[in-house]
Amino acid sequence: MFKTTRKIAANTVVAELTHQVFIENTTPALTPPASELLEPVVNVSFDRVVPLRNKIIVQGTIFKNIIYKDTGNKIRHESETIPFSTDIEIPGFTPGTLVNGRRFPNGNDFKFFIETLFVDETLLNTNEVLQKIVIRFIVKVLRQDQIDVCIRGPKQVFKCTSEIVCN
């Protein structure tokens, strides 16, 4: 049995932190007018990350369907996209990574995990809705590293304990 060392590519977590974004806005005029708000359907997309020294800027979009009953008691919906941008402080972070002595400007990877998504809607009048949205998410900054892994050689499959002679 022998041992050998091989290099594999593995992601190393450089930083992991939790961040929160608060957005408050008023919808454009609902047509037809609303009499009651129902549960909205909300989706969040993280569109772009701009890495800077000691921080990253995250840009994203909230896709939202306002579901409501109109004055005739019919269920309606209004689609809306809400852009957002936030900067996240990461002390000691430097964009890029060093691989084999060369610096690659986009060597970091960013993963986002939504922890909490809260939406509060208030009907101001029959045409306007006040929205308060809170997105709490975890951001992981990853760097791809080359790691040495020790691999053992093949083991014996079976062992012969006796020999039979054939004529």
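For the structure, check the block above.
Residues numbered from 1 in each chain as written. Predicted model: local features only at pLDDT ≥ 70, side-chain atom pairs only at ≥ 80, totals over all residues. Heavy atoms only, no water.

Undergrad: What's the story with the nonpolar core in this structure? I'm lost.
TA: A general tendency of soluble globular proteins is for nonpolar side chains to be buried together. Grouped together as the largest cluster of nonpolar side chains are 19 residues, with contacts concentrated most on Ile23, Ile56, Ile62 and Ile135. Elements with a contribution of two residues or more to this core: strand 1 (3-26), strand 4 (55-70), strand 5 (75-89), strand 8 (108-123) and strand 9 (129-152). By residue number, the principal contributor to this core is strand 9, which donates 5 residues. What Ile62 contacts, discounting residues up to four positions off in sequence, is Ile23, Val42, Asn43, Val44, Glu80, Thr81, Ile82, Phe84, Ile133 and Ile135. (Core = buried A, V, L, I, M, F, W, Y, C linked by side-chain atoms within 4.5 Å. Buried < 20%, exposed > 50% of the residue type's maximum accessible area, 1.4 Å probe, protein only. Helix = DSSP H or I, 4+ residues; strand = E, 2+ residues; numbered from the N terminus. Contact = heavy atoms within 4.5 Å.)

Undergrad: Sorry if this is basic, but what is going on with the environment of Pro95 here?
TA: Looking at where Pro95 falls in the secondary structure, it is placed in the loop between strand 5 and strand 6 (97-99). Separated by 43 residues in sequence, Pro95 and Leu52 place their C-alpha atoms 6.0 Å apart.

Undergrad: What is the right way to read the packing of aromatic side chains from this model?
TA: Any aromatic ring pair is given by two values, namely how distant the centres are and how the planes are angled relative to each other. Per the counting criterion, the structure on display carries 5 aromatic pairs. When the centroid spacing of 6.2 Å and the interplanar angle of 85° are considered together, the rings of Phe46 and Phe84 count as edge-to-face. Taken together, the residues Phe46 in strand 3 (residues 41-52) and Phe84 in strand 5 connect sequence positions 38 residues apart. A relative accessible area of 23% means that Phe46 is categorised as partly exposed. Phe84 gets classed as buried once you look at its relative accessible area, which sits at 7%. Taking the centre distance of 4.5 Å and the plane angle of 15° together, the rings of Phe46 and Phe112 count as stacked. Here Phe46 is found in strand 3, whereas its partner Phe112 is found in strand 8, with 66 residues between them in sequence. Here the aromatic cluster, defined as three or more aromatic residues joined through ring pairs, consists of Phe46, Phe84, Phe112 and Phe137. (Phe/Tyr/Trp six-rings, centres within 6.5 Å; stacked < 30°, edge-to-face > 60°.)

Fair warning: the whole summary comes from geometry, so function is off the table for now.
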